[in-house]
Amino acid sequence: MPMASLSRWTMSYFAAALASLLAAELLMLAGFGYPAADLTEPATLIVVHVTAIGWLSLAVAGALLQFVPVLVARPLAMPWLALPALLAIVAGLVLLCAGFAALAGWADWPFELMPLAALGLFCGFLLLGVMLVATLLSARPVTLFAGFVLVGLACLAVTVLSGAAFATILSGRSAWLASVAPLPDGLRFHALLGFGGWLGLIAFGVSYRLLVMFMMAPELPARQVRLVLVFGGFGMGLAVAGLLAPATGIEIGAGFITMPLGALAVASAFYGRDILTLYRSRRRKALEINMLASIPAFAALGLGLPLLPIATAIGGWEPGIAALTFLLAFGWLGGLTLAQLVKIVSFMTWLETYASRLGRGPAPRVGDLVAMPRTGWWFALYYAGVAIAVAALAGGLASGFRLAMLPCLIGTAGIACELVRIRHLSEIKAEQRPSLHERPRLLLARADERRMPHADNRTAETSRA
Amino acid sequence: MSASLERLVEIALRDVLDPEMGKSVVDLGLIYAIAATPHGAVAITMTTTTPGCPMAGFLKAAVAAVAGSVNGVTAVTVTLSYEPAWQPTMIAAE
């Protein structure tokens, strides 16, 4: 049986993701975008895309490159595509932000930057999708976990294609597209498919597997978990219908968005019940920082997703919808991602450094690489900032929102520093650190050098002389 | 002779610690079987918590090395098995 190995470029994905999050928080702290600007103005769209693509998508992509092979027990297909995918996505994002700047009139750049950006993002996500789909389908039967990721990737495909259409329309290069996909009605479905389908459903699916592993909890019955995929997938199907409706001439009405959101909220209710079960049935009683710091994220999901369809059904309460969207993006998805980054980075670093010492004398544990309780305080700051920001958005307090981004930014910067310290083995006693040239590199895992000689065999043999 | 050798190997394997939990592979229930011949050849059947575990190769090598260091052991074969699949209920009670 082939053995999953370390994903060489995952740390680079995480670094680009964290840089994007810090950039988004700095922009919001500076008063850039909503609530100072309208929701559909270029400034807001820059912040939204730096968050969605730069931060969340790159972090999720980096995690998937490491964990999909582990969870399906197959090596990553075409791993050499990981770097081109990262470069294409980052280039696409930079061009997209430049395109929005041109649209806003801040720079005298051509509007053709928009379709060029769409091309970069399309190529990058296509390469990512090819690697992940090929890996997932190399394992038979296709598991429920793979189902979540495949549906998530399908949502990503629709999000990227619809985004490319919008970019082309905004550049003024396609009157035909503008006639069949009028803006801004499609934007809500585009955003829902990105945040709810690509990022949300994959967060659901991956967390089922990771929580079982990290907390030593018993697997949940597949029929129970399938409900989450069925309702989530149904909701995303409705979102695709909403996105395509203008092209078919069907009038769906402004309230239609409530239906896919409602289906996603039902999925999240089943998911919440399952997560509670996993926490309660865990064999590992002492919770590590990644599982403790995930609790506010799950609370944000439990509060935000049931209320969002209600807020949209009522209609007209833009600050409330913005506050709930922020809660889900930064509280649930952002908080959960930050929390699991700490675990993934420490686990990968341990694997690179100490796995070969197993059974050959004392070695630190994975948890020893993380500075505690300091890391916990950074999370407390981050979540406090998110909570204040949500309240400020709901209350329409623009200056309060800006101030709230300060603890968010400090918390994120603190967590980023802790991740760098984990890579540098800063918490480990000097005598337990390997020599300098054997230590983990910050952005690049030593994937090949640490591969075991017996990795591809089921049987290891030794004999004594 | 072989039964006591199997016991000695099991005791030695308590030094192979899982880096997450700090428990030994024996206490985690990862060692399914240890069989020794009268000539000191030891066959170990073990598992990992998940089939694609990135530590599988390292765990297997560590178990082989530790078992091979036990006095009286002449050869070690370690086989990974996922039948039955590992369950958290296999963890020994504290």
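Residues numbered from 1 in each chain as written. Chains lettered and ligands numbered in written order. Predicted model: local features only at pLDDT ≥ 70, side-chain atom pairs only at ≥ 80, totals over all residues. Heavy atoms only, no water.

## Points about the overall build of chain A
If you tally the helices and strands in chain A, you get 14 helices and 1 strand. Since a compact globule built from 465 residues should have a radius of gyration of about 23 Å, the 22 Å found for chain A is in line with a globular shape. Here chain A holds 465 residues, and 55% of them are scored as buried. Summed over all atoms, the accessible surface of chain A reaches about 18,500 Å², with 69% contributed by carbon and sulfur. Within chain A, one finds 31 positive and 21 negative side-chain charges whose respective centroids are separated by 12 Å. (Helix = DSSP H or I, 4+ residues; strand = E, 2+ residues; numbered from the N terminus. Rg over C-alpha atoms; globule rule 2.2 N^0.38 Å. Buried < 20%, exposed > 50% of the residue type's maximum accessible area, 1.4 Å probe, protein only. Areas by Shrake-Rupley, 256 points an atom, 1.4 Å probe, with all protein chains shown as cover. Lys, Arg positive; Asp, Glu negative; His and termini not counted. Charge placed at Lys NZ, Arg CZ, Asp CG, Glu CD.)

## Some points on the pattern of salt bridges
All chains considered together, the criterion is met by 14 salt bridges over all chains. Note that Lys343 of chain A is salt-bridged to Glu20 of chain B, the shortest N-O span being 2.5 Å. Of this pair, Lys343 of chain A sits in helix α12 (residues 318–354) while Glu20 of chain B sits in the loop between α1 (2–13) and β1 (31–36), placing the two residues on different chains. Grouping residues by exposure puts Lys343 of chain A and Glu20 of chain B together as buried. The network of salt bridges with shared partners includes Arg284, Glu288 and Lys343 of chain A together with Glu20 of chain B. (Salt bridge = Lys/Arg side-chain N within 4 Å of Asp/Glu carboxyl O.)

## Regarding the interface of chain B and chain A
How big an interface is tends to be stated in terms of accessible area lost as the parts join. Across the contact, 42 residues belong to chain B and 36 residues belong to chain A. Here chain B meets chain A over a buried area of about 3,300 Å², counting both sides, of which 62% is carbon and sulfur. Contact with chain A buries surface across chain B, with Glu20, Pro54 and Phe58 of chain B losing the most and accounting together for 23% of the total. The shortest N-O distance in the salt bridge between Arg284 of chain A and Glu20 of chain B comes to 3.0 Å. At the surface where chain B touches chain A, the tally comes to 7 residue pairs in polar contact (both at pLDDT 80 or more). The element that contributes the greatest number of residues to the side of chain B that touches chain A is helix α2 (residues 56–68) of chain B, accounting for 11 residues. Here the residues of the side of chain B that touches chain A sort into 27 nonpolar, 13 polar and 2 charged. (Contact = heavy atoms within 4.5 Å. Buried area = accessible area lost by both parts, 1.4 Å probe. Polar contact = N/O pair within 3.5 Å; in protein donor to acceptor, adjacent residues only side chain to side chain. Nonpolar A, V, L, I, M, F, W, Y, C, P; charged D, E, K, R; others polar.)

## Topic: the side chain of Thr47 of chain B
With respect to the helices and strands, the residue Thr47 of chain B is situated in the loop between β2 (41–46) and α2. Residues within four places of Thr47 of chain B in sequence aside, it is in contact with Gly29, Leu30, Tyr32, Leu80, Ser81, Tyr82 and Trp86 of chain B.

## Observations concerning helix α13 (residues 374–394) of chain A
All names here are of chain A. Compared with an ideal rise of 1.5 Å per residue, which puts 21 residues at 30 Å, α13 spans 31 Å between its outermost C-alpha atoms and is within 8% of the ideal. Buried within α13 we find Thr375, Phe379, Tyr382, Tyr383, Gly385, Val386, Ala389, Val390, Ala392 and Leu393. On its buried face, α13 is in contact with α1 (10–29), α10 (289–292), α11 (295–314), α12 and α14 (398–423). Positioned one or two residues after α13, Gly396 has a phi angle of 70°, which is positive. (Expected span 1.5 Å × (residues − 1).)

## Things to note about the pairing of β1 of chain B
On any regular strand, side chains alternate: one points to one face of the sheet, the next to the other face. In this sheet, β2 of chain B lies alongside β1 of chain B in antiparallel orientation, the contact comprising 5 bridges. Of the residues in β2 of chain B, the one forming a bridge with Ile31 of chain B is Met46 of chain B. (Pairing = 2+ DSSP bridges.)

## Structural notes on the packing of helix α9 (residues 258–281) of chain A against α11 of chain A
Residues and elements named next belong to chain A. At a minimum axis separation of 9 Å, α9 and α11 run at an interaxial angle of 155°. Taken as axis vectors, α9 and α11 run roughly antiparallel relative to one another. Taken as a pair, α9 and α11 cross one another with a handedness that is left-handed. For the pair formed by α9 and α11, the contact residues are Thr258, Leu261, Gly262, Leu264, Ala265, Ser268, Tyr271, Ile275 and Tyr279 on the first element and Ile295, Phe298, Leu301, Leu305, Pro306, Leu308, Pro309, Thr312 and Ala313 on the second. Partitioned by chemical class, the residues of the contact of α9 with α11 number 14 nonpolar, 4 polar and no charged. (Axes fitted to C-alpha atoms, helices over the stretch in contact; angles between N-to-C directions. Parallel < 35°, antiparallel > 145°, perpendicular 65-115°, else oblique. Left-handed = near helix turned anticlockwise from the far one by under 90°.)

## Concerning the nonpolar core
With 190 residues, the main nonpolar core has Trp198 and Phe326 of chain A together with Leu13 and Ile44 of chain B as its most contacted residues. In terms of residues, this core owes the most to one element, α12 of chain A, which gives 22 residues. (Core = buried A, V, L, I, M, F, W, Y, C linked by side-chain atoms within 4.5 Å.)

## Section: the UniProt feature "domain: MIP18 family-like" (unreviewed entry) in chain B
Under the UniProt annotation, the feature "domain: MIP18 family-like" (unreviewed entry) is placed at residues 9–78 of chain B. A helix fraction of 26% and a strand fraction of 23% characterise residues 9–78 of chain B, whose end C-alpha atoms lie 12 Å from each other. (UniProt positions renumbered as here; feature names shortened; annotations may be inferred.)

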